[in-house]
Each structure stands twice: as C-alpha cells, then as structure tokens.
Amino acid sequence: MTPILNADLHCHSVVSDGTLSPEELAARAKANGVELWALTDHDEIGGQRRAAAAARVQGMAYLTGVEISVTFADTTVHIVGLGFDPDNTQLAEGLAATRGGRGERAKDMAEQLAQVGIKDAYEGALKFVGNPALISRTHFARFLVETGVCKETSEVFRKYLTEGKPGYVPHRWATLGNAVRWITEAGGIAVIAHPARYKFSANEEFALFSEFKAHGGRGVEVVTGSHSPAEYVTYAAMAKEFELAASRGSDFHSPDESHTDLGTLPLLPGALTPVWDLLADRIRPAH
Ligand code: AMP
Ligand code: MN
Ligand code: MN
Ligand code: MN
C-alpha cells in the first residue's frame, strides 16, 4: 500500500472557472508541498496536457482529472474522474455534450438578472471567461463583484444564481450512469465530489451512494475544502460503509476567492484506502 501522500486531486484552472493557468497551479501546488496532483476542470479536459507537463517540470506526480456536472434527484451533483486516458473519444464526446447547454443557460441567466436591474451580465461575465465553451456561474459572480453589486463571490451565491434567487436557471446535466461510465471506460475511476454540499436527505444520499456503486463508481471525497472537520469523519464512515476509496482535494479556484489553498488540508485518515491505491499504474511519475 502506498503511504498517505500530500495529494491534491481537485482544483480548477482558467480552462474552467479558476483564475490561474495550469502552470501557475502546478507551481503553487509544488510550493505548498503537494506530492501528487490532478487538475479537475468542470466538464473539460482541455488543460490536461499542459497540467501533466507542468507537473513534470515541478517534479510532482500527476493524475489526469475532470469534474463532471450531473443531475441526480433534481440536484446538481459533481463526479470527479481521475486517471483516465485523456485521448478517449467517448469521454471527450460526453464532456462536449455536457458543456453544450452552457451558452444558452448563460443568456437566460443574464435575462433574469436584467429583470432585477443588472444589465449586460452576459457580456460582463464573458470578460472573465478563459474558455468560451465553459461559461459558468462563477464568471457571473465575478462580474457582480466587479460592478459592486456584491462584495465577494460567496455573497453572490447567497443572493443570486442559486435556487429561488434571481439569475438561477435550472439545468439538466449528464446522468450519473453516463458520467461514471465515460470515466470508467476511459480507464479512470469515478469519485463522488464533496458529498456534504448536496443537502440530501439520508434516503437521497443512500440512493446516490448505492446507484453510484452500482454504476461502477469507486471513490468519494472525504477531505475537501467544501467539508468541515466533522464532515471528514462522517464521510470517512460512509467510505467504509460503501467500500469506497477516499480522495482529498482543496477545490481551489483562485487566490482571491478560495479559503482553502492547494495542498493545505489535513491528510486522509490512515484507516481508509486512498484513491491512488487504485490508480498505481495511471500515475505519471514526478521524474
Ligand atoms: P456552474 O457549473 O455554472 O453551475 O457553476 C458552479 C460553480 O459555481 C461551482 O463549481 C463553484 O465554483 C461556484 N459556486 C457554486 N456555489 C458556490 C458558493 N456557494 N460559493 C462560491 N462558489 C460557488
Ligand atoms: Mn467551480
Ligand atoms: Mn464541485
Ligand atoms: Mn470543483
């Protein structure tokens, strides 16, 4: 068994809704002591080649990564994929289809914001977009901060862009089964991202974990920037109960917005199987 590493297997670059380039993220991860890194942009693997090369330059081991948006029980759930073949056609096509509705959704979001007096939000959000195929709520949040509507992005998500608030547009993402299948058939493993974020009832959460397992899912994030220390304990127990491997990642997006920096969270509890134990032959070595 591999030892418990300082692994950070969840973060975002300008290829989705982060503000740093893959190279800047790699340097920051290395400076913070990360030994095994994965870039996991939303619904997009266009940054993987650069990230792997940058990890090599920094002398860090690398796993390919992605964070797929899924609709499960009328809720958006995120599934992280790790260690897949980035040249797999089915995965690329699935991700392209998942990204597909984002442009129209963004226009609908801007229309709603206009109704509460916030003009030109589509054009405003676009200025923050690094990848035109990947316009997200985060880019709108940055526009609302820039124009002084809100002080910080967390305030935006309390007042706008979320269910029941102006600028929220419901969207159907990939199915759970498809997301797990795309990742698995590309040779990777699927991991439930930040499970505490979904506010599911116990029954809904049981359904998510059971169906995820039935589709071939293998892991769950236990230590993440989205969980409290009490939630590390809860999801360590869930990992054991469902016989899932455990993952760790900051979900870092930006030095100005993220509370959790790359590589700075507590290490995984030793009693769990780390996801990298399932991916030994998929890790690109540091040198
Ligand atoms: P989208 O995929 O367009 O729905 O955007 C989702 C992204 O919005 C997430 O990946 C986060 O980066 C960001 N986000 C969602 N909720 C919050 C929140 N409460 N605080 C800060 N960022 C959030
Ligand atoms: Mn994000
Ligand atoms: Mn997420
Ligand atoms: Mn994320």
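Residues numbered from 1 in each chain as written. Chains lettered and ligands numbered in written order. Predicted model: local features only at pLDDT ≥ 70, side-chain atom pairs only at ≥ 80, totals over all residues. Heavy atoms only, no water.

1. Observations concerning the coordination of the manganese ion (ligand 2)
The coordination sphere of the manganese ion (ligand 2) contains the protein donors Asp17 (OD), His42 (NE2) and His253 (NE2), at a distance range of 2.1 to 2.2 Å. Mapped onto the sequence, the residues coordinating the manganese ion (ligand 2) show the spacing D-x24-H-x210-H. Between the manganese ion (ligand 2) and the manganese ion (ligand 3), a separation of 5.8 Å is found. One end of the pair, aspartate 17, is in the loop between β1 (7–8) and α1 (22–31); the other, histidine 253, is in the segment after β8 (245–249), with 236 residues separating them in the sequence. This pair shows no difference in class: aspartate 17 is buried, exactly as histidine 253 is. (Donors = N, O, S within 2.8 Å, 3.2 Å for Na, K, Ca; no water. Helix = DSSP H or I, 4+ residues; strand = E, 2+ residues; numbered from the N terminus. Buried < 20%, exposed > 50% of the residue type's maximum accessible area, 1.4 Å probe, protein only.)

2. Notes on the site of ligand 1
All residues in the neighbourhood of ligand 1 are listed as Asp17, His42, Arg102, Arg105, Ser136, Arg137, Thr138, Phe157 and His253. In this structure, an oxygen atom belonging to ligand 1 sits 3.0 Å away from a side-chain N or O atom of arginine 102. Here arginine 137 contributes a side-chain N or O atom positioned 2.8 Å from an oxygen atom of ligand 1. Residue assignment for the shell around ligand 1 shows that the elements contributing at least two residues are α4 (102–115) and α6 (137–146). A breakdown of the residues in the shell around ligand 1 according to their chemical character gives one nonpolar, four polar and four charged. (Near = heavy atom within 4 Å. Polar contact = N/O pair within 3.5 Å; in protein donor to acceptor, adjacent residues only side chain to side chain. Nonpolar A, V, L, I, M, F, W, Y, C, P; charged D, E, K, R; others polar.)

3. Quick notes on the coordination of the manganese ion (ligand 3)
Coordination of the manganese ion (ligand 3) by the protein involves Glu67 (OE), His78 (ND1) and His194 (NE2), with metal-donor separations of 2.1 to 2.2 Å. The sequence pattern describing where the donors of the manganese ion (ligand 3) fall on their chain is E-x10-H-x115-H. Since its relative accessible area comes to 12%, histidine 78 is described here as buried. A residue is classified by how much of its surface remains accessible, and histidine 194, at 1% relative accessible area, is buried.

4. Details of the pattern of salt bridges
Counted according to the given criterion, the structure contains 11 salt bridges. Here lysine 127 ties to glutamate 146 by a salt bridge, and the two come within 3.3 Å at their closest N and O atoms. Here lysine 127, found in the loop between α5 (121–126) and α6, pairs with glutamate 146, found in helix α6; they are 19 residues apart in sequence, far enough to count as distant. Residue classification places lysine 127 among the exposed positions, given a relative accessible area of 58%. For glutamate 146, a relative accessible area of 45% corresponds to the partly exposed category. Where aspartate 251 meets arginine 197, a salt bridge forms, and the shortest distance between an N and an O atom there is 3.9 Å. Here the residue aspartate 251 occupies a position in the segment after β8, and arginine 197 occupies one in the loop between β6 (189–192) and α9 (202–214), the gap between them amounting to 54 residues. With a relative accessible area of 11%, aspartate 251 lands in the buried category. Relative accessible area serves as the criterion here: at 45%, arginine 197 is assigned to the partly exposed category. (Salt bridge = Lys/Arg side-chain N within 4 Å of Asp/Glu carboxyl O.)

5. What to know about helix α2 (residues 48–58)
Among all positions in α2, only Gln48, Ala51, Ala52, Ala54 and Ala55 are buried. All buried residues of α2 project into a common sector of 165° when viewed along the axis, lining one side. When the buried face of α2 is taken as reference, the exposed residues oriented beyond 90 degrees from it are Arg49 and Val57. Residues of α2 that are buried make contact with α1, β2 (36–37), β3 (61–62) and β4 (65–72). (Arc of directions from axis to C-beta. Contact = heavy atoms within 4.5 Å.)

In short, the description is geometric, and any link to function would need to be established separately.
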